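Now for the letters of each chain:
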Amino acid sequence: MKVNIRENYDAMSKSVSDQIINYINNKPESLLCLAGGDTPLKTFEYLVKADENKEVDFSKAKFVSLDEWVGLGSSTKGSCVETLYTHLYDKLSINVEKQVCFFDGLSEDLDKECKRVDEFIGGSNGIDICLLGIGMNGHLGFNEPNVDPELKCSVIPLDPVTKTVGAKYFDEDVNVTAGITVGLKHLLASKELILIANAEKKAEIVKKTIEGKITIEVPSTMARKNENSVIYLDEEAASKLEK
Ligand code: F6R
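Residues numbered from 1 in each chain as written. Predicted model: local features only at pLDDT ≥ 70, side-chain atom pairs only at ≥ 80, totals over all residues. Heavy atoms only, no water.

Peer 1: How should the site of the ligand be read in this particular structure?
Peer 2: Not every one of the 16 residues close to the ligand is listed here, only the nearest: Thr39, Asp67, His139, Tyr169 and Lys202. Take Gly141: an N or O atom from its main chain is 2.9 Å from an oxygen atom of the ligand. Lys202 places a polar side-chain atom, nitrogen or oxygen, 2.7 Å from an oxygen atom of the ligand. Surface burial for the ligand is 94%, taken as the share of its 410 Å² of free accessible area covered by protein chains. Cavity membership is defined here by more than half of the atoms lying within 2 Å of grid points; on that basis the ligand lies in the largest pocket. For the shell around the ligand, the class distribution of residues is five nonpolar, seven polar and four charged. (Near = heavy atom within 4 Å. Polar contact = N/O pair within 3.5 Å; in protein donor to acceptor, adjacent residues only side chain to side chain. Areas by Shrake-Rupley, 256 points an atom, 1.4 Å probe, with all protein chains shown as cover. 1 Å grid on protein atoms, 1.4 Å probe; cavity = no way out; pocket = protein on both sides within 12 Å on 5 of 7 lines; lining within 4 Å. Sits in = over half its atoms within 2 Å of the grid points. Nonpolar A, V, L, I, M, F, W, Y, C, P; charged D, E, K, R; others polar.)

Here it is in structure tokens:
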């Protein structure tokens with residue numbers, strides 16, 4: 001895994017956005033898989049700016065969103081769908097109906113949701129470029145510690161750390177116990193796999209991700225199996241790295 005350290009969150013986000021734009025400019029009909037959460041927000045701002053300035057054209061691309069909290073939908077501020085639409089999809093010059101595929105966390109048939117998204121990914125010949133935040137416990141999407149790495153789209157019970165940390169996204173109390181997510185099988189097969197982390201609070205998990213043993217106990221270490229994986233960090237998140 002290539003490690004790219006930038007001076008701060010802003011510079012890190014700009015570099016991530018540049019890599020994505022480059023990819024799309026070379027292959028406009030790509031499938032992008034994008035995380036919600038806090039870390040990608042500045043990258044999204046740069047992508048929106050580039051779209052406005054016509055430095056990139058997403059009109060032929062497809063987007064699959066990484067995950068959703070089971071039981072939440074777009075009316076909950078802080079859900080993955082709300083985050084992605086508010087900060088990215090609604091701001092890009094794309095046809096959202098045709099180009100975006102999202103898990104419905106409110107669906108009564110979550111297996112069907114998994115199949116639907118598996119088919120969307122399969123129909124595009126897999127994910128081209130994937131952007132993932134790193135959970136405090138090393139989760140990728142809702143691929144929690146000790147998940148089966150062979151899973152495609154799946155419903156996964158939430159790790160206690162994810163439940164506790166997840167409260168930061170919501171203004172109201174939400175009772176979430178599971179997530180629906182693109183599984184590691186798809187994520188690790190991405191043609192380019194980008195991990196991102198910023199701030200001191202991520203320094204420990206970043207160290208494990210890069211320098212620890214590759215183990216499914218820390219799902220983010222599995223990204224190192226992908227030859228085209230890269231992690232972008234700000235200096236604080238990189239502060240515990242030895243090399
Ligand atoms: C969000 C997601 C999560 C986050 C991770 C980091 O869609 O899938 O895996 O990427 O928990 O979250 P932040 O970026 O808020 O620190």
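Peer 1: How should I be thinking about the sheet that holds strand β1 (residues 2-6) in this particular structure?
Peer 2: With parallel pairing, the seven strands of this open sheet are ordered in space as β1-β10-β9-β6-β2-β3-β5. Of all the strands in the sheet, just β1 and β5 (100-101) have a single pairing partner and so form its edges. Strand direction decides the pairing type here: β1 and strand β10 (residues 229-234), joined by five bridges, are parallel. Across the sheet, the residue bridging to Lys2 is Val230, located in β10. Along the sheet, helix α5 (residues 110-123) contacts β2 (31-34), β3 (62-65) and β5; its crossing angle with β3, the most-contacted strand, is approximately 145°. (Pairing = 2+ DSSP bridges. Helix = DSSP H or I, 4+ residues; strand = E, 2+ residues; numbered from the N terminus. Contact = heavy atoms within 4.5 Å. Axes fitted to C-alpha atoms, helices over the stretch in contact; angles between N-to-C directions.)

Peer 1: Where do I start with the pattern of salt bridges in this structure?
Peer 2: Side-chain pairing between opposite charges can occur once the charged atoms of the two side chains come close. The full count for this structure, using the stated rule, is eleven salt bridges. Among the salt bridges present, the one from Asp38 reaches Lys168, with a minimum N-O distance of 3.0 Å. With a gap of 130 residues between them, Asp38 in the loop between β2 and α2 (41-52) and Lys168 in the loop between α6 (160-166) and β8 (178-181) connect regions that are remote in the sequence. Relative accessible area serves as the criterion here: at 37%, Asp38 is assigned to the partly exposed category. Overlapping salt bridges, with partners in common, bring together Asp10, Lys42 and Glu45 in one network. (Salt bridge = Lys/Arg side-chain N within 4 Å of Asp/Glu carboxyl O. Buried < 20%, exposed > 50% of the residue type's maximum accessible area, 1.4 Å probe, protein only.)

Peer 1: Looking at this model, I keep getting lost on a negative patch on the surface. Mind explaining?
Peer 2: Residues Glu7, Glu200, Glu235 and Glu236 make up a contiguous surface patch of negative charge. Structurally, Glu7 can be placed in the loop between β1 and α1 (9-26). (Patch = residues over 30% accessible without salt bridge, like charges linked within 9 Å, V, L, I, M, F, W, Y side chains within 5 Å. Lys, Arg positive; Asp, Glu negative; His and termini not counted. Charge placed at Lys NZ, Arg CZ, Asp CG, Glu CD.)

Peer 1: Is there a simple way to think about the packing of aromatic side chains in this case?
Peer 2: Under the definition given, this model contains eight aromatic pairs. Ring geometry for Trp69 against Phe170: centres 5.6 Å apart, planes inclined by 75°, an arrangement best described as edge-to-face. Taken as a pair, Trp69 in strand β4 (residues 67-69) and Phe170 in the loop between α6 and β8 lie far apart in primary sequence, 101 residues in all. Take Trp69 and Phe170: they sit in the same class, and that class is buried. Seen from their ring centres, Tyr85 and Phe102 are 6.1 Å apart, and the 40° between their planes marks the pair as tilted. Taken together, the positions of Tyr85 in helix α3 (residues 80-87) and Phe102 in the loop between β5 and α5 put the pair 17 residues apart, joining distant regions of the chain. For Phe102, a relative accessible area of 10% corresponds to the buried category. Of the aromatic side chains, those joined through ring pairs into one cluster are Phe58, Phe63, Tyr85, Tyr89 and Phe102. (Phe/Tyr/Trp six-rings, centres within 6.5 Å; stacked < 30°, edge-to-face > 60°.)

These values are about where atoms sit, not about what they do.
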